[in-house]
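Listed below are the residues making up each chain.
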Amino acid sequence: MKVICPEQESGVTTSESMGYGMLIAAAMGDKDSFDKMWAYVKGKLSGGLMTWKPGQTGSATDGDEDIAYALYIANAQWGGYKTDADAMGSAFAADIANDVVSGGSNYKTV
């Protein structure tokens, strides 16, 4: 299951839209939808982070933050997601330099 971003290119799926969907599903207790979205995201991981947009390379920090946080919420709800959440958190740490969070793997300007 994927979440589209209707304001971009006639509904492309981005890491941000997936993060939003996963956060909502976890908060609402919808494990089935959450697991379907997480399966989609896992298929788009590169270096532990989701490729931010189909046909592009690199990650988008805001999407990765939301996905990792959603995994922690899901772990609190149902258990079994902490290892994945920690792995995303570790991969996300690469987007931090000099205490500044960059925009993603293609935006290391600090």
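Heads up: the structure comes first, above all this text.
Residues numbered from 1 in each chain as written. Predicted model: local features only at pLDDT ≥ 70, side-chain atom pairs only at ≥ 80, totals over all residues. Heavy atoms only, no water.

A word on the packing of aromatic side chains. Applying the stated criterion across every chain yields a total of three aromatic pairs. A centroid spacing of 5.8 Å and a plane angle of 50° characterise the contact between Phe34 and Trp78, whose relative ring orientation is tilted. Note that Phe34 is positioned in helix α2 (residues 31-42) and Trp78 in helix α3 (residues 61-78), a separation of 44 residues in sequence. With a relative accessible area of 0%, Phe34 lands in the buried category. You can call Trp78 partly exposed: its relative accessible area is 26%. An aromatic cluster is defined as three or more aromatic residues linked by ring pairs; in this entry it consists of Phe34, Trp78 and Tyr81. (Phe/Tyr/Trp six-rings, centres within 6.5 Å; stacked < 30°, edge-to-face > 60°. Helix = DSSP H or I, 4+ residues; strand = E, 2+ residues; numbered from the N terminus. Buried < 20%, exposed > 50% of the residue type's maximum accessible area, 1.4 Å probe, protein only.)

Time to look at the environment of Tyr72. Among the secondary structure elements, Tyr72 is positioned in helix α3. Between the C-alpha atoms of Tyr72 and Asp86, which are 14 residues apart in sequence, the distance is 8.5 Å. Once you skip the residues sitting within four places of it in the chain, Tyr72 turns out to touch Ala85 and Asp86. (Contact = heavy atoms within 4.5 Å.)

This part is about α3. End to end, α3 covers 25 Å across 18 residues, agreeing with the expected 26 Å (1.5 Å per residue, within 8%). Of the residues making up α3, those classed as buried are Thr61, Gly63, Asp64, Asp66, Ile67, Ala68, Ala70, Leu71 and Ala74. Immediately beyond the C-terminal end of α3, within one or two residues, lies Gly79, with a positive phi of roughly 80°. (Expected span 1.5 Å × (residues − 1).)

Bringing a nonpolar patch on the surface into the picture now. Taken together, the side chains of Tyr20, Ile24 and Met28 define a hydrophobic patch exposed on the protein surface, amounting to about 380 Å² of accessible area. As for its placement among the helices and strands, Met28 is situated in helix α1 (residues 15-28). (Patch = residues over 30% accessible without salt bridge, like charges linked within 9 Å, V, L, I, M, F, W, Y side chains within 5 Å. Areas by Shrake-Rupley, 256 points an atom, 1.4 Å probe, with all protein chains shown as cover. Salt bridge = Lys/Arg side-chain N within 4 Å of Asp/Glu carboxyl O.)

In contact at an axis separation of 12 Å, α2 and α3 are set at 140° when each is read in the N-to-C sense. Here α2 runs over α3; the crossing is left-handed. In contact with Lys31, Phe34, Trp38 and Val41 of α2, α3 contributes Ile67, Ala70, Leu71, Ala74 and Trp78. Among the residues making up the contact of α2 with α3, the classes are represented as eight nonpolar, no polar and one charged. (Axes fitted to C-alpha atoms, helices over the stretch in contact; angles between N-to-C directions. Left-handed = near helix turned anticlockwise from the far one by under 90°. Nonpolar A, V, L, I, M, F, W, Y, C, P; charged D, E, K, R; others polar.)

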